[in-house]
Amino acid sequence: PQPNPQLGAAVAATDRAHVFHSWSAQELITPLAVAGADGSYFWDYEGNRYLDFTSGLVYTNIGYQHPKVVAAIQEQAASLATFAPAFAIEARSEAARLIAERTPGDLDKIFFTNGGAEAVENATRMARLHTGRPKVLSAYRSYHGATAAAINLTGDPRRWPSDTASAGVVHFWAPFLYRSPFYSENETQECERALTHLEDTIAFEGPGTIAAIILETIPGTAGIMPPPPGYLAGVRELCDRHGIVLVLDEVMAGFGRTGAWFAVDHYEGVVPDLLTFAKGVNSGYVPLGGVAISSAIAETFARRPYPGGLTYSGHPLACAAAVATLNVMADEGVVENAARVGADIIGPGLRELAARHPSVGEVRGIGMFWALELVRDRETREPLVPYNATGEANAPMASFAAAAKANGLWPFVNMNRTHVVPPCTITDAEAKAGLAALDRALDITDTHTT
Ligand code: PLP
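Because the structure is predicted, anything quoted here is derived from the model rather than measured. (Residues numbered from 1 in each chain as written. Predicted model: local features only at pLDDT ≥ 70, side-chain atom pairs only at ≥ 80, totals over all residues.)

1. Points about the overall build of the chain
A tally of helices and strands in the chain yields 13 helices and 16 strands. In terms of overall size, the chain behaves like a compact globule, its C-alpha atoms giving a radius of gyration of 22 Å where 450 residues would be expected to give roughly 22 Å. Taken along its principal axes, the extent of the C-alpha atoms in the chain is 60 × 60 × 40 Å. Counting only residues that meet the buried cut, the chain has 48% of its 450 residues in that class. (Helix = DSSP H or I, 4+ residues; strand = E, 2+ residues; numbered from the N terminus. Rg over C-alpha atoms; globule rule 2.2 N^0.38 Å. Buried ≥ 20, exposed ≤ 12 C-beta atoms within 10 Å, placed from the backbone.)

Printed below as a string of structure tokens:
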């Protein structure tokens, strides 16, 4: 495409005049004006092209502008662009069937929402009504969305301004060996101690007051920490013992991201009672999320109305996009590609970078879901920037991001970490090009080590 800097400047100026952006001090941001996108790349109006190692906000699992999904949305728009949720609509039924076919165990009923936070809102509502109990337990180092219940459940600083003490949420520590809250020295200890801590939390909160425990199967935004073997099975057992609903939040980790349809597929025998999803279900081409519901919880609402709903629940355009996305993923081996490129190229490539760059403290991940923990000192593990740093204190991470962009790579940055979360369709050559750009950007973070 021809560069068009004048149009780019006009788009950016109108944005600054009228668009109020998420999570931002409005006068301190300069959003890039994007002219287009295709596959793993997007480009601006100046003619700069970026390899997208963020998948948007970790959701374009099939990359941008997949022609079959674009066509399916166009066809649905031409035949039935919208219809109210109380009716049976072909695209909606088929999307629910395809999702239920992939979710584990007996999670065979699908409640559709517009995104992840609404999925979490409804999952916790279902759990509270199903159990008749008020509280929900969630983990520190988590993100569950920005609506009322979801932000209260979130375990990062984005919760602080919106916290309401009456939300009925109790936070606990989940396992994270690199920064172990339990002073563990290995994964076995971390697993045992985290489970004991959760068991104690349940005992002291009162098991009969707890409706649900919600966990990201593999925490995403908070740092991509795959739980140690046995942890999720242990949480499942605690939930069974106390009649607590287990909600696994797969909004980010689901639909191929980890090289499996769902992250929970990596943990044999673990089946949640509710599973929340969004993002990758249709690669975000049209907003869609939802809750996959077990037969026992579905039964609660078999003869008693479910007191929740949304005007756009199961929107035909979003559902048609999901049907096309799920079929494309199956036909083109997208989940297998994420597993293979993760195991053969990204994982080994990141470990090789860690060996050469003293600012890389740890590499963690699986599939297309990786984090680099950037540190000032590998021995003390002091983060490259302090927790929740802003402004000057965050300068080392800002200069890392600027260096990556100057090398044609759009990086995902959160606190002292960069996440490598490209589309699951990424090619070997693209993955290698991204690693080479990352290599150069890490030279900058190395200058901040002690
Ligand atoms: N849950 C998880 C695990 C997420 O990663 C996110 C978003 O990043 C959400 C919930 C919220 O989803 P949404 O932004 O679509 O409301």
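Moving on, there is more to tell.
2. So, the sheet that holds strand S2 (residues 41–44)
Pairing within the open sheet is mixed, and its four strands lie in the order S1-S2-S3-S14. Strands with a single pairing partner mark the edges of an open sheet, and in this sheet they are strand S1 (34–38) and strand S14 (409–410). Of the pairings in the sheet, the one linking S1 to S2 comprises four bridges and is antiparallel in character. Looking across to S2, one finds that Val34 is bridged to Asp44. (Pairing = 2+ DSSP bridges.)

3. Side note on the site of the ligand
The full set close to the ligand counts 16 residues, and Gly115, Gly116, Ala117, Gly145 and Val251 are the nearest of them. The dominant element in the shell around the ligand, judged by the number of residues it contributes, is helix H5 (residues 116–131), at three residues. Taken together, the residues of the shell around the ligand break down into seven nonpolar, seven polar and two charged. (Near = placed C-beta within 6 Å. Nonpolar A, V, L, I, M, F, W, Y, C, P; charged D, E, K, R; others polar.)

4. Points about the domain arrangement of the chain
Per the domain assignment, the segments making up the chain are domain 1 (5–65 + 333–446) and domain 2 (67–331). Distance between the C-alpha centres of domain 1 and domain 2: 25 Å. Across the boundary between the two partners, domain 1 contributes 28 residues, which contact 28 residues of domain 2. Counting residues per element, the side of domain 1 that touches domain 2 draws most heavily on helix H11 (residues 334–356), which supplies five residues. Taken together, the residues that form the side of domain 1 that touches domain 2 break down as 13 nonpolar, ten polar and five charged. (Domains from an automatic or database assignment. Contact = placed C-beta atoms within 7 Å.)

5. With respect to the sheet that holds strand S10 (residues 289–293)
Whenever strands of a sheet pair, they do so through backbone hydrogen bonds, lying parallel or antiparallel. Across the sheet, which stays open at both edges, the seven strands sit in the order S4-S10-S9-S8-S7-S5-S6 with mixed pairing between neighbours. The open sheet is flanked by strand S4 (109–113) and strand S6 (169–172), the only strands paired with a single partner. When strand polarity is set aside, the average angle formed by the axes of neighbouring strands in this sheet is 20°. The strands touched by helix H7 (residues 187–205) within the sheet are strand S5 (135–139), S6 and strand S7 (210–216), with S6 carrying the most contacts at an inclination of about 155°. (Axes fitted to C-alpha atoms, helices over the stretch in contact; angles between N-to-C directions.)

6. Re H5
Taking 1.5 Å per residue as the helical rise, H5 with its 16 residues ought to reach 22 Å, and the 23 Å between its terminal C-alpha atoms agrees with that figure. A large share of H5 lies buried, amounting to 13 of its 16 residues. Just past H5, the residue Gly132 takes up positive phi, approximately 70°. (Expected span 1.5 Å × (residues − 1).)

7. As for the nonpolar core
In this structure, Leu274 and Ala321 are the most contacted members of the largest nonpolar core, which totals 123 residues. Take this core: its biggest share by element is ten residues, from helix H10 (residues 316–331). A domain-level breakdown of this core finds at least three residues from each of domain 1 (5–65 + 333–446) and domain 2 (67–331). Beyond its immediate stretch of four places on either side in the chain, Leu274 contacts Ala123, Met126, Ala127, Val245, Val247, Val291, Ala292, Ile293, Ser294 and Ile297. (Core = buried A, V, L, I, M, F, W, Y, C linked by C-beta atoms within 7 Å.)

8. Concerning H11
Residues lying three or four places apart along an α-helix face the same way, a consequence of the helix completing one turn every 3.6 residues. End to end, H11 covers 31 Å across 23 residues, agreeing with the expected 33 Å (1.5 Å per residue, within 8%). Along H11, the largest kink reaches about 50° and is centred on Gly342. If you check which residues of H11 are buried, you get Val334, Val335, Asn337, Ala338, Val341, Gly342, Ile346, Gly349 and Leu350. Where H11 is buried, its residues touch H10, strand S11 (360–366), strand S12 (369–377), strand S16 (417–420) and helix H13 (428–446). (Bend = angle between axes of the 7 residues up to and from the residue.)

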